[in-house]
Amino acid sequence: MDKDFLLDSEPARRLYHEYAEGMPILDYHSHISVKEIRENKKFASITEAWLGGDHYKWRLMRAMGVDEAFVSDPAASDWERFEKWAEVIPYTVGNPVYQWTHLELKRFFGIEEQLSPATAREIFDKCNEFLRSEAGTVRSLIKNSGVKAICSTDDPTDSIEDHLALAKEDWGVKVFPTWRPDKALAAGNAELWNSWTDRLAKAAGLEITDYSSFLEALKRRHDFFHSAGCRLSDYGIEKPYAKPWTEEAAAEAFAKLRGGSELTPEELDLFRSALLFELLSMDAASDWTQQLHFGAARNPNSLAFAKQGPDRGYDVIGDFSVGPELLRLLDSLESKKRLTRTIIYTLNPKDNDLLASVTGSFMDGVTPGKIQFGTAWWFNDHKVGMTRQLEALASIGLISRFVGMLTDSRSFLSYPRHEYFRRLLCSFLGRQMEEGEIPEDYELIGGIVKDICYNNAVKYFKLGL
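All of the points below concern the structure found in this document. (Residues numbered from 1 in each chain as written. Predicted model: local features only at pLDDT ≥ 70, side-chain atom pairs only at ≥ 80, totals over all residues. Heavy atoms only, no water.)

Our focus in this paragraph is the packing of aromatic side chains. Summed over the entire model, instances satisfying the criterion amount to 25 aromatic pairs. The interplanar angle of 35 degrees and the centroid separation of 5.2 Å between the aromatic rings of Phe214 and Phe254 together place this pair among those described as tilted. Residue Phe214 is located in helix 12 (residues 211–227), and its partner Phe254 is located in helix 13 (residues 247–258); the two are separated by 40 residues in the primary sequence. A residue is classified by how much of its surface remains accessible, and Phe214, at 0% relative accessible area, is buried. Every member of this aromatic cluster is reached through a ring pair, and the members are Trp193, Tyr211, Phe214, Phe254 and Phe271. In this structure, Lys84 is placed above the aromatic ring of Phe70, and the distance from its NZ or CZ to the ring centre is 5.1 Å. Lying over the aromatic face of Tyr56, Arg417 brings its terminal NZ or CZ to 4.8 Å of the ring centre. (Phe/Tyr/Trp six-rings, centres within 6.5 Å; stacked < 30°, edge-to-face > 60°. Helix = DSSP H or I, 4+ residues; strand = E, 2+ residues; numbered from the N terminus. Buried < 20%, exposed > 50% of the residue type's maximum accessible area, 1.4 Å probe, protein only. Lys NZ or Arg CZ within 6 Å of the ring centre and 35° of its normal.)

Spelled out as structure tokens, the structure:
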């Protein structure tokens, strides 16, 4: 992993080192803790920083037969868990986690050695010493990674008090909330949904008695998020919801749900379709950018879910049909002049060409790249997945208007993933330069690289950077 790691041509090396390498980061989709940023946390150990919430590592540890006591629900000590990860890491070759792990060791800790049982203790101690220093605080890790702004992921009922406090400080990085109303749409369990709706009523200061007051409570929270600097929304849903609906039918489904009864599958689809349309309309009215993440099949392992709950690294790529309803959703919004800037991500790469083509049908001729095919995500953010996404976007749309990479991580040590993406981007374009498919014009292509790395996102998201 030398300075030319992943750079497979001379044009690629020049594009990366002269144009991409020094560009700042706008991390527009992240799951890191804003509370830990506010507190400027110091991690107790590299184990906490690395294994505290990393689904990628947890899955690989389980695949190697590591007991759960060392994984996501630990009973073991930090050293014991790190030691187990050190035993696993040599066997992860071929997986991007192997490369990310060593990039993080190199970039944050200056460690060139490969992690293994033989080097584990020395690396553990050296990382911990760094993390105890001022350079190892959360804010230092962020700033020293070249990050200029972060957009977190926040439920409409969240107080976002940490964002409000951080907004009063000038420490060199902006932190913005992102509206993530998934629980409003998660109406498949009446009891859980009603519990969340009660929290929404409290946060909005409004009694929710019918569908109209439910939408009003969401609108109040949407306005509050906007006043706190929020300019992005995000929807983590299996597939687009765009069944035919009427306000009367949506109100009837709401009343049934609020009364504690479960909806039929047809009623659930209708309710979600109506509500998603209203939520996306709020985004357009506020001139936000909305993100639609499709394709995750959640909690397929029922035994593990019963024992550990959600978000423990068991989710998978789903095999959903997204085309027809996505077209209906976008068209219904466009017809009502309620389609704002939109980024569409797929977890299933079978939909790459579909999404790249869909975006071109809803551009407005005013906003460059208004509808975006989002970067390779989750199970796709590796060399093959990123390259496939770039190929589809470049072949069908305008890669030059692409808003680039995001972190989508719970770890403050994940920023080298932007480097990983940028190296692959430069290899992708550099290879075409070398083969004569695009001009060896570094002012043009290098400028496009810089735009994809940072400049396009700054203009697109309207965060005032």
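The next point concerns the environment of Ser45. Take Ser45: it is sitting in the loop between helix 2 (34–39) and helix 3 (46–51). For the pair Ser45 and Phe82, spaced 37 residues apart in sequence, the C-alpha separation works out to 9.4 Å. Setting aside residues no more than four positions away along its own chain, Ser45 makes contact with Asp78, Phe124, Asn128 and Leu131. (Contact = heavy atoms within 4.5 Å.)

A word on the packing of helix 14 (residues 265–285) against helix 16 (residues 323–335). Packed helix pairs are specified by the crossing angle of their axes together with the interaxial distance, meaning the distance between the axes. With their axes 11 Å apart at the nearest point, helix 14 and helix 16 run at an angle of 50 degrees to one another. If you check the angle between helix 14 and helix 16, you find them oblique. In the crossing of helix 14 with helix 16, the sense of the turn from one axis to the other is right-handed. Residues Leu276, Phe277, Leu280 and Ser281 of helix 14 pack against Leu329, Ser332 and Leu333 of helix 16. Here the contact of helix 14 with helix 16 is built from residues that sort into five nonpolar, two polar and no charged. (Axes fitted to C-alpha atoms, helices over the stretch in contact; angles between N-to-C directions. Parallel < 35°, antiparallel > 145°, perpendicular 65-115°, else oblique. Left-handed = near helix turned anticlockwise from the far one by under 90°. Nonpolar A, V, L, I, M, F, W, Y, C, P; charged D, E, K, R; others polar.)

A positive phi is found at Asn40, a non-glycine position, where the angle reads about 50 degrees. Within the secondary structure, Asn40 is located in the loop between helix 2 and helix 3. Its identity as a non-glycine residue notwithstanding, Asn299 has a phi of 55 degrees, on the positive side. Exposure remark for Asn299: the relative accessible area of 27% places this residue in the partly exposed category.

It is worth spelling out the pairing of strand 5 (residues 232–237) at this point. Residues in a regular strand point their side chains to alternate faces of the sheet. Of all six residues that make up strand 5, six are buried, and the element is covered over most of its length. Side chains Leu232, Asp234 and Gly236 of strand 5 all project onto a buried face; the interleaved residues Ser233, Tyr235 and Ile237 project onto the opposite face, where all are buried too. Examined bridge by bridge, strand 4 (residues 178–179) and strand 5 share two bridges and lie parallel to one another. Looking across to strand 5, one finds that Trp179 is bridged to Ser233. With six bridges connecting them, strand 5 and strand 6 (residues 289–294) associate as parallel partners. By the bridge assignment for strand 6, Asp234 is matched with Gln291. (Pairing = 2+ DSSP bridges.)

Turning to the sheet that holds strand 6, a few remarks are in order. Across the sheet, which stays open at both edges, the five strands sit in the order 4-5-6-9-10 with parallel pairing between neighbours. Each end of this open sheet is capped by a strand with a single partner; those strands are strand 4 and strand 10 (371–373). Relative to strand 5, helix 14 is tilted by about 160 degrees, and along the sheet it contacts strand 4, strand 5 and strand 6. Running at roughly 125 degrees to strand 9 (residues 341–346), helix 20 (residues 442–461) makes contact with strand 5, strand 6, strand 9 and strand 10 of the sheet.

What follows covers the side chain of Ser30. Secondary-structure assignment places Ser30 in the loop between strand 1 (25–27) and helix 2. The buried category is assigned to Ser30, whose relative accessible area is 0%. Of the polar contacts made by the side chain of Ser30, one reaches the backbone nitrogen of Ile32; its length is 3.2 Å. Apart from residues no more than four positions distant in its own chain, Ser30 is found in contact with Ile150, Cys151, Ser152, Thr153, Asp408 and Ser409. (Polar contact = N/O pair within 3.5 Å; in protein donor to acceptor, adjacent residues only side chain to side chain.)

Our next topic: the environment of Lys148. Mapping Lys148 onto the fold places it in strand 2 (residues 147–151). Overall, Lys148 belongs to the partly exposed group, its relative accessible area being 39%. For Lys148 and Val173, which are 25 residues apart along the polypeptide, the C-alpha to C-alpha distance reads 4.9 Å. Once residues within four sequence positions are removed from consideration, Lys148 is found in contact with Pro24, Ile25, Gly172, Val173, Lys174 and Tyr454.

At a closest axis distance of 11 Å, the pairing of helix 6 (residues 96–109) and helix 7 (residues 120–132) adopts a crossing angle of 45 degrees. Compared by their axis directions, helix 6 and helix 7 come out oblique. Remark: the crossing between helix 6 and helix 7 carries left-handed chirality. Across from Leu105, Phe108 and Phe109 in helix 6, the residues of helix 7 making contact are Ile123, Lys126, Cys127, Phe130 and Leu131. Grouping the constituent residues of the contact of helix 6 with helix 7 by class yields seven nonpolar, no polar and one charged.

The next point concerns the side chain of Thr47. Position of Thr47 among the secondary structure elements: in helix 3. By relative accessible area, Thr47 is classed as buried at 1%. Residues within four places of Thr47 in sequence aside, it is in contact with Gly52, Asp78, Arg81, Phe82 and Phe124.

Any functional reading would require information that these geometric values do not contain.
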